[in-house]
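Chain by chain, the residues run as shown.
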Amino acid sequence: MWTFYSERELALETAIHNQVHELEVYEAYLLDNERRHDMGYPSITFEQFLECVNHTMHCVPDGKDCKE
C-alpha cells in the first residue's frame, strides 16, 4: 500500500528506503484509484481520499474510514 502526505518533509522522513514521488493532490487521488482498481478494490471518492492523507495507514477498500 502507498501512503500519501501533504508535506514533503514528512514524506521524506517516513520513507526510509522507499522512493518519494511529488504529485498534485488530485493526481495522487487518481493514482490511488488506479492502484485500487488493479488490486480489485472499489474506488473511493476524492473526499474519502483526503481523509486518509497524512496517515501512516491505508484506507479500507470500502472507503468509509481509515484504519491501521
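Our subject is the structure that appears above.
Each value, and the rule that gives it
Residues numbered from 1 in each chain as written. Predicted model: local features only at pLDDT ≥ 70, side-chain atom pairs only at ≥ 80, totals over all residues. Heavy atoms only, no water. Helix = DSSP H or I, 4+ residues; strand = E, 2+ residues; numbered from the N terminus. Buried < 20%, exposed > 50% of the residue type's maximum accessible area, 1.4 Å probe, protein only. Contact = heavy atoms within 4.5 Å. Areas by Shrake-Rupley, 256 points an atom, 1.4 Å probe, with all protein chains shown as cover.

Draft legend 1. Main features of the overall build of the protein chain. Helix and strand counts for the protein chain come out as three helices and two strands. Put simply, the protein chain runs from its N terminus to its C terminus through helices and strands in the order α-α-α-β-β. Out of the 68 residues belonging to the protein chain, those deemed buried represent 25%. Pairs at least 24 residues apart make up 38% of the contacts formed inside the protein chain by residues separated by at least 6 positions. Counting only carbon and sulfur atoms, one obtains 50% of the accessible surface of the protein chain, whose full area is about 5,200 Å².

Draft legend 2. Representation of the side chain of Asn33 within the structure. Residue position: Asn33 is located in helix α2 (residues 25-39). Each residue touching Asn33, except ones within four places of it in the same chain, is listed here: Ser43 and Ile44.

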